[in-house]
Structure formats: C-alpha cells, structure tokens
Amino acid sequence: MELDDINTTSDQLEEMVDNPDGAANAGDYVQRLLPESNDCNRKETGNGDITENQNKKSQKNFFRQHRKWIAAIFLILLIALVITISVAVCFANNEDNDEKYDPSLFKLQLKFNGSFIVNLVQTSNKTQVLKDLQEKLADLYRSSPALGRFFSEAETFGLRSDSAVVQYKLTFVYPEEQQAELRNFTLSSEMVFNVFRQFLYDQSDVESETLSVDPSSLKMH
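The rules behind the values
Residues numbered from 1 in each chain as written. Predicted model: local features only at pLDDT ≥ 70, side-chain atom pairs only at ≥ 80, totals over all residues. Heavy atoms only, no water. Buried < 20%, exposed > 50% of the residue type's maximum accessible area, 1.4 Å probe, protein only. Helix = DSSP H or I, 4+ residues; strand = E, 2+ residues; numbered from the N terminus. Pairing = 2+ DSSP bridges. Polar contact = N/O pair within 3.5 Å; in protein donor to acceptor, adjacent residues only side chain to side chain. Contact = heavy atoms within 4.5 Å. Expected span 1.5 Å × (residues − 1). Arc of directions from axis to C-beta.

With that out of the way, let us pick up the pairing of strand E3 (residues 165-174). Regular strands place their side chains on alternate faces of the sheet. Most of E3 is tucked away, with seven of its 10 residues classed as buried. Here strand E1 (residues 108-120) pairs with E3 via 10 bridges, running antiparallel. Looking at E3, one finds that Ser 115 is bridged to Gln 167. Alignment of strand E2 (residues 151-157) against E3, held across six bridges, turns out to be antiparallel. When the bridges of E3 are listed, Phe 157 appears paired with Gln 167.

Structure (structure tokens):
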C-alpha cells in the first residue's frame, strides 16, 4: 500500500469510529484491507522461494559441469596425502633403526677374509697400492647404508713381487641384541661379498693407470 492510501484509510477509520453508526463497520473495513497485505506477503515469500530454488539449481549445474575436475583434484590431494604419510613413516622407521643401535654396545666381532687379483703396471709402488686399496675398502663399507654402522676396519696385505694376489681382512662389530638376525642377514657373508663385488664391477668401467681389480677373482670366506 502507498503512503497516501494509508493516510486515507486512517481518516476513514477515524470517521467511522466518531460516527456511532459507522463504528460497527470499522472492523469490517479493516478486515477488507488485511487480504491485500497478506497477498503482498505471499508474493514476497513466493519470490524468495523461487530465488532459493534457482540458487540450488545453479549449484547442482555447477557440480555436474565440473565434477570431473573436482574428482581429479580430490584424487591428486589423496595421492599427495598418501605419499606424505609414507615418507613420514619411512623417515620415522629409519630414525628408529639408527637410534636402536648404540655403537658403544657393539661388543661382538665378525671377520671376513679373502683375496683378489690386482693388475699392476711395472712402475707401480706395491706398498702404496696396498694402502690405496685399504682406504678404498674402508670407504666402501663405511659409506654402505646397510653395513656402515657395523664396519670397524679393513686391512690389505700379501702383495709380493712374484704375485698379484692381494689378501684382505674385514672386521665388523655388532651388539648382542638380535645377533642371530644380524649374522644371518645384515652381516651375512653374501651381503658383505655382494657389496664388494658390485663395487669392483663399477670400478672396472673406470680406467686406472695404476691398478685394476678383476671382479671374477674376488674370494671371501
């Protein structure tokens, strides 16, 4: 209703109330005005419902049109989460393994002896050759992820003027705890031998003016 209509209605109601004969009709007049107001409220409510339904339809259409992208993004996030958890678990396990072995508790020793043939040139200094080989062996096992924490020392000897055979000795230390598992797996002769042999195969591809070792000549006991 407009402001003028409201003022007119107010004047009419006052006249009806002042007039004794028209007072009874005032209530009827007000009742006639109420449906118009109710109709306006219903229209506003109806418009609100239409707008809400349109919003819901727009949201449904958006998800239908982009559901493939949404699924792809969700899958990528899921994969990233799985990778992050896996890396965290592996890192935690490695830390636990490193902390589980205290070098001060490594009281037991395990020794491996063996030999290999070294190819020397005539000008090679055999004393220096033995020293170089000993340093390479120590560096090899000290840097090994599996054997490094247990490695103690390496020795090379036995290279004579009439022979190209080098004797070597490897010493490992380990704790009494889980000694059976360490001896049978981590510090097994197969593990120690394979680390050495793979190193020789890798080195055979590198030319050396001083010496080279034939991987097939490697022996260990």
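When you line up the elements, Ser 188 lands in the loop between helix H4 (179-186) and helix H5 (189-204). A distance of 3.0 Å separates the side chain of Ser 188 from the backbone oxygen of Phe 185, its partner in a polar contact. Ignoring sequence-local partners within four residues, the contact set of Ser 188 consists of Phe 112, Leu 182 and Arg 183.

What follows concerns unusual backbone geometry. Here the phi dihedral of Gln 178 falls at roughly 60°; this positive angle occurs in a residue that is not glycine. Position of Gln 178 relative to the elements: it lies in the loop between E3 and H4.

For helix H3 (residues 126-142), which comprises 17 residues, the first-to-last C-alpha distance of 24 Å matches the rise-based estimate of 24 Å (1.5 Å per residue) to within 8%. Within H3 the residues assigned to the buried category are Val 129, Leu 130, Leu 133, Leu 137, Ala 138, Leu 140 and Tyr 141. Across the axial projection of H3, the buried residues extend over an arc of 165°, all falling on one side. With a side-chain oxygen lying 3.1 Å from the backbone nitrogen of Thr 127, the N-terminal cap of H3 falls on Asn 125.

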